[in-house]
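Here is what each chain is made of, one letter per residue.
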Amino acid sequence: MDADVLRSRLQHLPIAALRYYDVTGSTNQDALEWIEDGADEYSLVVADSQTAGRGRMGRRWETHPGAALAFSLILKPREEEKPCLSLFSPLCAVAVALVLINVYRLKGVQVKWPNDVLIERRKVCGILVESAWEGDSLLGIAAGVGINVLPEALPPDEQLLFPATCVETQVGKPVDRIDLLAAVLGEIMAWRPHLTTGQLIQTWDRLLAFKGEAVRLEHKDCVVSGKLWGIAQDGSLCIQTETEGIQKFYFGDVHLRPEPFCD
Ligand code: BTN
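Residues numbered from 1 in each chain as written. Predicted model: local features only at pLDDT ≥ 70, side-chain atom pairs only at ≥ 80, totals over all residues. Heavy atoms only, no water.

**Focus: the overall build of the protein**
Right, on to step 1. For the protein, the count of helices and strands is 6 helices and 12 strands.
Right, on to step 2. Taking 263 residues into account, the globule formula puts the C-alpha radius of gyration at 18 Å, and the protein, at 18 Å, falls close to it.
Right, on to step 3. Summarising its shape, the C-alpha atoms of the protein cover approximately 60 × 45 × 30 Å along the three principal directions.
Right, on to step 4. Out of the 263 residues belonging to the protein, those deemed buried represent 52%. (Helix = DSSP H or I, 4+ residues; strand = E, 2+ residues; numbered from the N terminus. Rg over C-alpha atoms; globule rule 2.2 N^0.38 Å. Buried < 20%, exposed > 50% of the residue type's maximum accessible area, 1.4 Å probe, protein only.)

This is the structure in structure tokens:
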């Protein structure tokens, strides 16, 4: 990967500007700083490796050279999208999942609420959306996507919080990271108008993992067990519990596991 090759192979997409790093700390951090320096919508940061990649809930996200796709796309939410800011993460998850299904012809692709992409119940992609603010005015968001492409991208077993896999193992042949990047960016852009139409939520719900299964959800200090019902029209996760009926959970500090999974 290098900046010139990336620019030429992404030229069919409306990328405003591109920064490529062989090594960086975190593409999300780079993107947030770039937003503060005035980056335009659809500016893109791509790195071959990250030394301080960030995951959800303050976790680390390792990115080893040549093994993964790590990028952050800068978006400037429009007025009508501002009430739906929490949907930018599922937007990216749905885009990655649909590319794996429709371009790479993979089966068993699902989204673990809110936004981990799974293949055959193993995590292949994580998403972290962060925002840059000036006072209470939103400057922009960094939609950070990390996809395991080669087996070398996977964390060692002892660090795994959830079973993991990579695209090449599932596809069974070499996968070009720039083709994958171009397809995912195109899909994010194509689905963005559906942030506000309800169609994104419907597709997210259709791709939802563990539907109808017993799950355990850790939320702040409490653990809720029940049957995973689906995603409501407001993007919340609905769990049918024995004692309280259907309970809704919103995006935030929530860990979701299928019930037999122990961590
Ligand atoms: C998670 O599953 O915890 C989210 C992982 C998000 C990782 C990506 S890699 C590109 C971007 N830059 C970061 O520092 N994090 C995101």
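The rest of the description comes next.
**Notes on the sheet that holds strand 4 (residues 109–112)**
Right, on to step 1. Pairing within the open sheet is mixed, and its 7 strands lie in the order 1-2-3-7-6-5-4. Looking at the sheet topology across the chains shown, the edges are occupied by strand 1 (17–24) and strand 4. Within the sheet, the average angular offset between the axes of one strand and its neighbour, ignoring direction, is 20°.
Right, on to step 2. Across 3 bridges, the pairing between strand 5 (residues 116–119) and strand 6 (residues 122–134) is antiparallel. Across the sheet, the residue bridging to Val117 is Cys125, located in strand 6. (Pairing = 2+ DSSP bridges. Axes fitted to C-alpha atoms, helices over the stretch in contact; angles between N-to-C directions.)

**Re the packing of aromatic side chains**
Right, on to step 1. Evaluation of the coordinates by the stated rule reveals 0 aromatic pairs.
Right, on to step 2. Lying over the aromatic face of Trp34, Arg19 brings its terminal NZ or CZ to 3.9 Å of the ring centre. (Phe/Tyr/Trp six-rings, centres within 6.5 Å; stacked < 30°, edge-to-face > 60°. Lys NZ or Arg CZ within 6 Å of the ring centre and 35° of its normal.)

**Remarks on the site of the ligand**
Right, on to step 1. The ligand sits among 20 residues. The nearest are Ser26, Thr27, Arg54, Arg56 and Lys123.
Right, on to step 2. Side-chain polar atom of Thr27 to a nitrogen atom of the ligand: 2.9 Å apart, as the coordinates give it.
Right, on to step 3. Here the ligand has 420 Å² of accessible area as a free molecule, and 99% of this is covered by the chains.
Right, on to step 4. Those elements giving two or more residues to the shell around the ligand turn out to be helix 2 (27–36), strand 3 (68–75), strand 6 and strand 7 (137–148).
Right, on to step 5. No other element matches the 4 residues that strand 6 contributes to the shell around the ligand. (Near = heavy atom within 4 Å. Polar contact = N/O pair within 3.5 Å; in protein donor to acceptor, adjacent residues only side chain to side chain. Areas by Shrake-Rupley, 256 points an atom, 1.4 Å probe, with all protein chains shown as cover.)

**Structural notes on the pairing of strand 3**
Right, on to step 1. For strand 3, the tally of buried residues reaches 8 of 8 residues, placing the bulk of the element in the interior.
Right, on to step 2. As paired strands, strand 2 (residues 43–50) and strand 3 are joined by 4 bridges and run antiparallel to one another. By the bridge assignment for strand 3, Ala47 is matched with Ala70.
Right, on to step 3. Summarising the sheet, strand 3 and strand 7 pair through 8 bridges and their orientation is antiparallel. Of the residues in strand 7, the one forming a bridge with Ile74 is Ala142.

**Things to note about the pattern of salt bridges**
Oppositely charged side chains can pair when the atoms bearing their charge come close.
Right, on to step 1. As enumerated under the stated definition, the model contains 16 salt bridges in all.
Right, on to step 2. As a salt-bridge pair, Asp116 and Lys123 come within 3.1 Å of each other at their nearest N and O atoms.
Right, on to step 3. Through salt bridges with shared partners, one network takes in Glu41, Arg78, Glu81 and Arg192. (Salt bridge = Lys/Arg side-chain N within 4 Å of Asp/Glu carboxyl O.)

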